[in-house]
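Analysis of the macromolecular model
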There are 4 protein chains.
Amino acid sequence: MEKYIFSLEMKVRDYECDLQGIVNNANYQHYIEHTRHEFLRSEGISFAALHEQGTDAVVARLQMAFKTPLRSGDSFVSRLALRKEGIKYVFVQDIFRLPDNKPVIRSTVETVCLVNGRLAESVELNERFGKYF
Amino acid sequence: MEKYIFSLEMKVRDYECDLQGIVNNANYQHYIEHTRHEFLRSEGISFAALHEQGTDAVVARLQMAFKTPLRSGDSFVSRLALRKEGIKYVFVQDIFRLPDNKPVIRSTVETVCLVNGRLAESVELNERFGKYF
Amino acid sequence: MEKYIFSLEMKVRDYECDLQGIVNNANYQHYIEHTRHEFLRSEGISFAALHEQGTDAVVARLQMAFKTPLRSGDSFVSRLALRKEGIKYVFVQDIFRLPDNKPVIRSTVETVCLVNGRLAESVELNERFGKYF
Amino acid sequence: MEKYIFSLEMKVRDYECDLQGIVNNANYQHYIEHTRHEFLRSEGISFAALHEQGTDAVVARLQMAFKTPLRSGDSFVSRLALRKEGIKYVFVQDIFRLPDNKPVIRSTVETVCLVNGRLAESVELNERFGKYF
């Protein structure tokens, strides 16, 4: 059982659905990216400000398992857990349909920091996130 | 002064920003489409269900004026007014940044109904929206 | 009859279609933006480089008329004409389905330049585009 | 070394870049989806037509490794290999920057068929793709 530390509720927007009538897969990547950035913001960190300061958090690897597709009108909650593995921040990000909590996707997102374009530890992120490890 | 009949608050998602660091223009079209569909839903009408029943509401003309760009972290409210002109439903859709209410875009969206692929009045929409004209 | 000065052929990508089975309207804004940027590039101007140099070309007003929707598998040509009106560059941008040349959208895009954030003439753009006026 | 059976050249569109100035990750999912659908089309199969006939090819699992980000102005080639594992079609989909062939992403996409909403083999797809196994 994942120990989620952040959750964000959202609702499907019709333009996110494709000709199969379900949310196009790439939008789940949008949903989980937005969730990570809102998590950062809840910790006082702005992704845009980080970028302007020369630190870019980038995704190195992504795994997604698609369980149940979301459809027009569906609401969902996007949940996030975090662990550190060496230099990587590993986010476990799962989405559940509301109100029945049916799993929609399960994903693992490995991110690293580029400081001025070079792979490096971000002192700021380590300090903020230390409490979760 | 427009007499808005529906409002929806949203927040910029970072993936909606482009390399200029501001929300890419096409996303405003997404925002106002989502607002129209949520307005429909608030009236008990599902855009997806309409489509399955053979009625497609489609945009015939669109005008947008871009006032102030939204940026990462911005919240905004999307407001909607509605009038009927002949067979057309004309939506006035304006977006304001929060909390300062600075105008972001002003737009006019002319929509028509295709019933089984042919331009036609939708009895259902006319009944639901009649109170607004 | 517009005197087009640039054309770009493209093909619908299925993820651009929505639950109505047609290209979602916001994607036409993507298509015409991409056409403008490729036009710039054909003139030796990079939108991204302009931004890095402190000049941002931004859309001030947009008008679109939607004629015939594109569908999965459709190819199309996006054509561009250009005129100057005061400080504005006005692009007339029309899309035609291929191979039957049926009009898909007709649009007018009014753009202005922000130099270091302030409305201004771009000497570079004026020099490059002068031959078209 | 993968034995690629299909390749598609594309070019970055500026709206696909985000505030970091690089292609937003979700767009790679768009690129590889479009590549799969063009591969299907090259085999005489339309994703949209399949859907209308009650057969939906859906992604069950996805793995992506991000190597080098694409930027404004970059061209790239998206290559595809295919194998069958039980009921699954497994696509290996790699993207290389042009002209230097630097790896951009490496991905594996496991897809299954839903026939009238139920997991099933698609006789049509098996016949078309048999030559590749």
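What counts and how
- Residues numbered from 1 in each chain as written.
- Chains lettered and ligands numbered in written order.
- Predicted model: local features only at pLDDT ≥ 70, side-chain atom pairs only at ≥ 80, totals over all residues.
- Heavy atoms only, no water.
- Helix = DSSP H or I, 4+ residues; strand = E, 2+ residues; numbered from the N terminus.
- Rg over C-alpha atoms; globule rule 2.2 N^0.38 Å.
- Buried < 20%, exposed > 50% of the residue type's maximum accessible area, 1.4 Å probe, protein only.
- Contact = heavy atoms within 4.5 Å.
- Lys, Arg positive; Asp, Glu negative; His and termini not counted.
- Charge placed at Lys NZ, Arg CZ, Asp CG, Glu CD.
- Least-squares fit on C-alpha atoms with pLDDT ≥ 70 in both.
- 1 Å grid on protein atoms, 1.4 Å probe; cavity = no way out; pocket = protein on both sides within 12 Å on 5 of 7 lines; lining within 4 Å.
- Points joined across faces, edges and corners; volume = space filled by probe spheres on them.
- Nonpolar A, V, L, I, M, F, W, Y, C, P; charged D, E, K, R; others polar.
- Buried area = accessible area lost by both parts, 1.4 Å probe.
- Salt bridge = Lys/Arg side-chain N within 4 Å of Asp/Glu carboxyl O.
- pLDDT = per-residue confidence, 0-100.
- Core = buried A, V, L, I, M, F, W, Y, C linked by side-chain atoms within 4.5 Å.
- Phe/Tyr/Trp six-rings, centres within 6.5 Å; stacked < 30°, edge-to-face > 60°.
- Lys NZ or Arg CZ within 6 Å of the ring centre and 35° of its normal.
- Pairing = 2+ DSSP bridges.

**Notes on the overall build of chain A**
For chain A, the count of helices and strands is three helices and six strands. Written out in order from the N terminus, the α and β elements of chain A read β-α-α-β-β-β-β-β-α. Relative to the globule expectation of 14 Å for 133 residues, the C-alpha radius of gyration of chain A, 15 Å, shows essentially globular dimensions. Burial statistics for chain A: of 133 residues in total, 56% are counted as buried. Taking all contacts inside chain A whose residues are at least 6 apart in sequence as the whole, residues at least 24 apart take part in 68%. When the 18 positive and 18 negative side-chain charges of chain A are each reduced to one mean point, those points stand 4 Å apart.

**Some points on the relation of the copies chain B and chain A**
Relative to chain A, chain B is turned by 180 degrees and slid 0.0 Å along the rotation axis, the superposed coordinates differing by an RMSD of 0.0 Å. Accordingly, the operation relating the two chain copies is best matched by a two-fold axis. Across chain B, the smallest distance between a C-alpha and the rotation axis is recorded for Met10(B), namely 5.2 Å. Most of the interface of chain B is mirrored in chain A, where 100% of its interface residues again form contacts.

**Observations regarding empty space enclosed by the protein**
It is a probe the size of a water molecule, rolled over the atoms, that shows where empty space is left. This model, assessed by the stated rule, comprises six cavities of 30 Å³ or more. Computed from the structure, the largest cavity encloses a volume of approximately 480 Å³. Taken together, 28 residues make up the lining of the largest cavity; nearest its centre are His30(A), His30(B), His30(C), Asn27(D) and His30(D). Elements supplying a minimum of two residues to the lining of the largest cavity: helix H1 (25–42) of chain A, helix H1 (26–42) of chain B, helix H1 (25–42) of chain C together with helix H1 (25–42) of chain D. Classifying every residue of the lining of the largest cavity by side-chain character gives eight nonpolar, twelve polar and eight charged.

**A short note on the interface of chain B and chain A**
Taken residue by residue, the interface counts 18 residues in chain B and 18 residues in chain A. Between chain B and chain A lies a buried interface of about 1,600 Å² when both sides are counted; carbon and sulfur atoms form 47% of it. Considering only the side of chain B, the residues that lose the most area to chain A are Arg13(B), Asp14(B) and Tyr15(B), jointly responsible for 39% of the buried surface there. Counting the contacts that link chain B with chain A gives four salt bridges. For Arg13(B), the salt bridge identified is with Glu16(A), shortest N-O distance 3.5 Å.

**Quick notes on the layout of surface pockets**
In this structure, the second largest pocket spans a volume of roughly 730 Å³. Looking at the second largest pocket, it is lined by 38 residues, and the ones nearest its centre are Ala57(B), Val58(B), Val59(B), Gln20(C) and Ile22(C). Those elements that place two or more of their residues in the lining of the second largest pocket are H1, helix H2 (47–52), strand S2 (55–66), strand S4 (88–98), strand S5 (103–115) and helix H3 (123–129) of chain B together with H1 and strand S5 (103–115) of chain C. Counting residues per element, the lining of the second largest pocket draws most heavily on S2(B), which supplies five residues. Here the lining of the second largest pocket is composed, by residue class, of 21 nonpolar, eleven polar and six charged.

**Structural notes on the confidence of the model for chain A**
Per-residue pLDDT for chain A has a mean of 94; in total, 99% of the residues score no lower than 70. Note on the complex model: pTM 0.96, ipTM 0.94.

**Concerning the relation of the copies chain D and chain A**
Between chain D and chain A, the superposition needs a rotation of 180 degrees and an axial shift of 0.0 Å, giving an RMSD of 0.0 Å. Comparing interface residues between copies, 100% of those in chain D also lie at the interface in chain A; the contact surface is shared.

**Thoughts on the nonpolar core**
Note that soluble globular proteins tend to have their nonpolar side chains buried in a common cluster. With 132 residues, the main nonpolar core has Tyr28(A), Tyr28(B), Tyr28(C) and Tyr28(D) as its most contacted residues. In this structure, Tyr28(B) is in contact with Val23(B), Met64(B), Phe66(B), Thr68(B), Pro69(B), Leu70(B), Ile95(B), Val104(B) and Ile105(B), ignoring residues within four places of it in sequence.

**Section: the packing of aromatic side chains**
Applying the stated criterion to the full structure yields 40 aromatic pairs over all chains. Relative to Phe91(B), the ring of Phe39(B) lies with its centre 6.4 Å away and its plane at 75 degrees, an arrangement referred to as edge-to-face. Of this pair, Phe39(B) sits in helix H1 while Phe91(B) is found in strand S4, placing the two residues 52 residues apart along the sequence. Taking the relative accessible area as the measure of exposure, Phe39(B) reaches 0% and is therefore buried. The buried category is assigned to Phe91(B), whose relative accessible area is 4%. Measuring from centroid to centroid gives 6.2 Å for Tyr4(D) and Phe96(D), while their planes differ by 80 degrees, and the two rings are edge-to-face. Of this pair, Tyr4(D) sits in the segment before strand S1 (6–11) while Phe96(D) sits in strand S4 (residues 88–98), and the two are 92 residues apart along the sequence. With relative accessibility at 10%, the residue Phe96(D) sits in the buried group. Taking the ring centre of Tyr89(C) as reference, the NZ or CZ of Lys84(C) above it sits at 5.5 Å.

**A look at the pairing of strand S2 (residues 55–66) of chain A**
Counting buried residues along S2(A), nine of its twelve residues qualify, which places the element largely inside the surrounding structure. Alignment of S2(A) against strand S5 (residues 103–115) of chain A, held across eleven bridges, turns out to be antiparallel. Its bridge partner being in S5(A), Met64(A) is matched across the sheet by Ser107(A). As paired elements, S2(A) and strand S2 (residues 55–66) of chain D share five bridges and run antiparallel to each other. Counterpart to Met64(A) in the pairing with S2(D) is Leu62(D).

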